Amino acid sequence: MGLTYNTYLDSDVIYGCKNCKAHLANAHDIISRNFRGQHGKAYLFNTVVNVEAGDPSERNMTTGRHVVRDIQCRQCKEVVGWKYDRAYESSEKYKEGKFILEAELLCKVT
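Residues numbered from 1 in each chain as written. Predicted model: local features only at pLDDT ≥ 70, side-chain atom pairs only at ≥ 80, totals over all residues. Heavy atoms only, no water.

Going by what an unreviewed UniProt entry lists, the chain is known as Protein yippee-like and is assigned to Cercophora samala.

Right under this line is the structure:
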C-alpha cells in the first residue's frame, strides 16, 4: 500500500489531535459549534485531514438514527470523532458526509 504522509494545513487557526498534534481541521471549515459528543462539546466540520474511518454502524443519537463511522487520528490512532454516512431524518440530511470532532480531544496547533 505504501507510505502515508500527513497533510499540513495553512491557516490562522488549525485544530489538531490533542495526543500527537497532527493537523486535523481548519477552523474555517467549521459548520457548527452546537454539537455534543461523548466527551462534551463537539464541532461539525465540512472536511478533515489525517484521519482514518472505521466500519459503518447505525447509532441512535439525540437527533435521530444515523449511520456513522468513528474516525481516528492517522498518526496516533486516537479516536477523535465520527463521520456521518447517512441520516434517516430529512431534516438531518445536511450532516451526510460531514465530520464531528470532539473539542476535548483537540488542541489548537500553532
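With that settled, consider the overall build of the chain. Per the secondary structure count, the chain includes 0 helices and 10 strands. For the chain, whose C-alpha radius of gyration is 14 Å, the value lies close to the compact-globule estimate of 13 Å for 110 residues. Along the first, second and third principal axes, the C-alpha set of the chain runs to 35 × 35 × 20 Å. Residues classed as buried in the chain amount to 39% of the 110 residues present. Look at the contacts in the chain between residues 6 or more apart in sequence, and 44% of them connect residues 24 or more apart. If you sum the accessible surface of the chain, you get close to 6600 Å²; carbon and sulfur atoms cover 45% of it. With 16 positive and 14 negative side-chain charges, the chain shows a spacing of 2 Å between the two charge centroids. (Helix = DSSP H or I, 4+ residues; strand = E, 2+ residues; numbered from the N terminus. Rg over C-alpha atoms; globule rule 2.2 N^0.38 Å. Buried < 20%, exposed > 50% of the residue type's maximum accessible area, 1.4 Å probe, protein only. Contact = heavy atoms within 4.5 Å. Areas by Shrake-Rupley, 256 points an atom, 1.4 Å probe, with all protein chains shown as cover. Lys, Arg positive; Asp, Glu negative; His and termini not counted. Charge placed at Lys NZ, Arg CZ, Asp CG, Glu CD.)

Membership of the largest hydrophobic core comes to 17 residues, with the highest contact counts inside it found for Y15, L24, F45, V48, I71, V80 and L101. Grouped together as the second largest cluster of nonpolar side chains are 7 residues, F35, V68, Y84 and I100 included. (Core = buried A, V, L, I, M, F, W, Y, C linked by side-chain atoms within 4.5 Å.)

Moving on, we come to unusual backbone geometry. Trans is the common state for peptide bonds, and a negative phi is the common state for residues other than glycine. Phi angles above zero are rare outside glycine, and N50 is one such case at about 60°. Mapped onto the fold, N50 is located in the loop between β4 (40-45) and β5 (51-53). Among the residues examined, N50 registers a relative accessible area of 2% and is labelled buried. The phi angle at K77 is positive, at roughly 70°, despite the residue not being glycine. Topologically, K77 is positioned in the loop between β7 (64-73) and β8 (79-87). On the basis of relative accessibility, which here comes to 42%, the residue K77 falls in the partly exposed class.

With that out of the way, let us pick up the pattern of salt bridges. In total, this model carries 7 salt bridges according to the counting rule given. Across the salt bridge formed by E52 and K77, the nearest N and O atoms sit 3.2 Å from each other. In this pair, E52 is assigned in strand β5 and K77 in the loop between β7 and β8, connecting sequence segments 25 residues apart. When its relative accessible area of 30% is taken as the criterion, E52 is described as partly exposed. Between R65 and E58 there is a salt bridge whose closest N-O contact spans 2.8 Å. Since its relative accessible area comes to 42%, E58 is described here as partly exposed. (Salt bridge = Lys/Arg side-chain N within 4 Å of Asp/Glu carboxyl O.)

Time to look at the environment of D55. Within the element layout of this structure, D55 appears in the loop between β5 and β6 (57-61). In sequence terms D55 and I71 are 16 residues apart; their C-alpha atoms lie 9.4 Å from each other. Contacts of D55, omitting those with residues within four sequence positions, involve V68 and R69.

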